[in-house]
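Residues per chain are reported as follows:
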Amino acid sequence: MNRDRPERRRALSALFSVQPEAVAALEAELLLRRNEWCAGLGLATTLHFAKFAVLPGEAPLLWFESSFDGELGEHLDDLWEAAGKAFVDILRHTGAERDLDRAEFARLLSARARRSAADRSGHAGRPRSVIDNDARLDLLAQRFLDSVLPGTAPRSVLEHLHGELVRAEVWLGHWPHGAPRTSWVEQQRLRALRRELRSLCGTDARRRVQPSSEQERRGAGMFSQTSLLWLFTAPALAAARGRERLRRWAEAWDHHAEPRELERIHSARVHILDDGRLLLSLIVDGTSAMLQASLPPSSLRDLLGAEAVEVGSQIWYSAYPELSVHDVLRNERARELLGLSPPVSASRVAALCALF
């Protein structure tokens, strides 16, 4: 973990054309390579999430996306080292050569890369190394607290906990990440663009997304992570004017999404496809129905009330499937409080006790 140069989380999205007659073989290959691909990606230490999905249509597409820290070239090297053979076996169904090497693989993904219209996360800005560090901090803290005798003074407990974490070489400190500020003017602009979005997509506030029975989830319990994709199609989206209005909304939402919208969202990516369809790709805590029920009146809730085709992710990977968005932010707050210089104030003790 390089504390002198904060890593920036980046996104890669790529689209590959698929011949209609090759779709069945591609879907079978994705299922066949799922375990190999996910196990390989577990070796990529800067990767947050990745997924493959086949997008239906007259011209089918293979969708690949990833969230990672660092530079694109380094990320592509990581993907190749971790799961190069699985990538080759999958991509050959899109017309790629069977004997791809590292350089050709990097050129292929770079050539197929697409810029997202919006890319948000409830814990954006936190590098994988920091999230892993904070999860380890929480695990060690819980083990230590389980061994504390009843009646021990909280201040003494926290001082000893700090010493245990230092001995375990857990990093304690503050990672710089800016909080976006949205002015009143920007809020009004986004509100107006939301009205355009509802008009473009034919939103019905009473409509609810129903999760498909075959959705695969990572983690455990009711808040396990779920990979979701939807394709939105409306006549207005096919026109150039409609796509431009959609881009304006996505750009505004990318910068000024309400924090309450993102409380369950690890990754939210919006793409406007060449044929005018809008692709919404999410990794969330819980199911799509749970997400929609928890959303405040917002752009994302408006979008989920539109007509859409749900698309299953054939394979997807999460580097921390056991952590919710709340867990990531809570662990970060505990690290920042424990990293403050002594003495331990009463307010700091109370805040840490509330976290643990």
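Refer to the structure presented above.
What counts, and where the lines are drawn
Residues numbered from 1 in each chain as written. Predicted model: local features only at pLDDT ≥ 70, side-chain atom pairs only at ≥ 80, totals over all residues. Heavy atoms only, no water. Buried < 20%, exposed > 50% of the residue type's maximum accessible area, 1.4 Å probe, protein only. Helix = DSSP H or I, 4+ residues; strand = E, 2+ residues; numbered from the N terminus. Arc of directions from axis to C-beta. Contact = heavy atoms within 4.5 Å. Phe/Tyr/Trp six-rings, centres within 6.5 Å; stacked < 30°, edge-to-face > 60°. Axes fitted to C-alpha atoms, helices over the stretch in contact; angles between N-to-C directions. Parallel < 35°, antiparallel > 145°, perpendicular 65-115°, else oblique. Nonpolar A, V, L, I, M, F, W, Y, C, P; charged D, E, K, R; others polar. Core = buried A, V, L, I, M, F, W, Y, C linked by side-chain atoms within 4.5 Å. Pairing = 2+ DSSP bridges.

Enquirer: Just checking my understanding: could you explain helix H12 (residues 346-355) for this structure?
Expert: Think of an α-helix as turning once every 3.6 residues; residues three or four places apart then point the same way. For H12, the full list of buried residues reads Arg348, Val349 and Leu352. The arc that holds every buried residue of H12, seen down its axis, measures 100°, which confines them to one face. The exposed residues of H12 that point more than 90 degrees off its buried face are Ala346, Ser347 and Ala354. Elements that come into contact with the buried residues of H12 comprise helix H5 (154-167) and helix H11 (325-338).

Enquirer: Looking at this structure, I do not really get the packing of aromatic side chains. What am I missing?
Expert: The description of an aromatic ring pair uses the distance of the two centres, along with the angle that the planes make with each other. Following the criterion strictly, the structure yields 10 aromatic pairs and no others. Arranged with centres 6.0 Å apart and planes meeting at 70°, the rings of Trp37 and Phe87 form a pair that is edge-to-face. One end of the pair, Trp37, is in helix H1 (residues 23-41); the other, Phe87, is in helix H2 (residues 72-91), with 50 residues separating them in the sequence. For the pair Trp37 and Phe87, a shared accessibility class is recorded, and that class is buried. Here Trp249 and Trp253 contribute two aromatic rings whose centre-to-centre distance is 6.1 Å and whose plane-to-plane angle is 20°, an arrangement assigned as stacked. Of the two residues, Trp249 and Trp253 both sit in helix H8 (residues 240-256), 4 residues apart, roughly one turn of that helix.

Enquirer: Got a minute to help me understand the packing of H5 against H12 in this structure?
Expert: How two helices sit against one another is set out by the angle between their axes and by the gap between those axes. Two elements in contact, H5 and H12, have axes separated by 10 Å at closest approach and are oriented at 75°. Taken together, the axes of H5 and H12 lie roughly perpendicular to each other. Residues Pro154, Arg155 and Leu158 of H5 form the contact with H12, whose own contacting residues are Ala346, Val349, Leu352 and Cys353. Among the residues making up the contact of H5 with H12, the classes are represented as 6 nonpolar, no polar and 1 charged.

Enquirer: Quick question: what am I supposed to make of the nonpolar core here?
Expert: Proteins that are soluble and globular tend to have nonpolar side chains buried together. Counting residues in each nonpolar core, the largest one holds 44 residues, and the members touching the most others are Trp37, Leu41, Phe52, Leu62, Phe64, Phe87 and Leu109. Those elements giving two or more residues to this core turn out to be strand S1 (9-17), H1, strand S2 (47-55), strand S3 (61-69), H2, helix H3 (102-112) and strand S10 (315-318). The leading source of residues in this core is H2, at 10 residues. Those residues in contact with Phe87 that sit more than four places away from it in its chain are Trp37, Leu41, Phe52, Phe64, Leu79 and Phe105. Grouped together as the second largest cluster of nonpolar side chains are 32 residues, Ala118, Leu197, Ile272 and Leu303 included.

Enquirer: Just to check I follow, could you spell out the pairing of S3 for this structure?
Expert: Strand residues, when the strand is regular, have side chains that alternate between the two faces of the sheet. A large share of S3 lies buried, amounting to 9 of its 9 residues. Along S3, one buried face is formed by Leu61, Trp63, Glu65, Ser67 and Asp69 and the opposite face, lined by Leu62, Phe64, Ser66 and Phe68, is buried too. As defined by bridge partners, S1 adjoins S3 across 9 bridges and the pair is classed as antiparallel. Counterpart to Leu15 in the pairing with S3 is Trp63. Here S2 runs beside S3; their pairing, made up of 8 bridges, is antiparallel. Along S3, the bridge assignment pairs Ala50 with Ser66. Where S2 folds back onto S3 in an antiparallel hairpin, the turn is made up of 5 residues, including Gly57, whose phi is positive at roughly 150°.

Enquirer: Can you walk me through unusual backbone geometry in this structure?
Expert: Note: most peptide bonds trans; most residues except glycine with negative phi. The phi torsion at Glu169 lies on the positive side, around 60°, for a residue other than glycine. In this fold, Glu169 is placed in the loop between H5 and helix H6 (184-201). A residue is classified by how much of its surface remains accessible, and Glu169, at 70% relative accessible area, is exposed.

Enquirer: Would you mind going over the sheet that holds S3 with me for this structure?
Expert: Strands belonging to one sheet form pairs held by backbone hydrogen bonds; the direction of such a pair is parallel or antiparallel. One open sheet holds the 4 strands; their spatial order is S1-S3-S2-S10, and the pairing between them is antiparallel. Each edge of the open sheet is held by one strand with a lone partner, namely S1 and S10. Across the sheet, the axes of successive neighbouring strands diverge by a mean angle of 10°, strand direction being ignored. On the sheet, H1 packs against S2, S3 and S10 and is oriented at approximately 170° with respect to S2. Sitting on the sheet, helix H4 (residues 128-146) touches S1, S2 and S3, and the angle it makes with S2 is about 115°.

Purely geometric numbers; function is a separate question.
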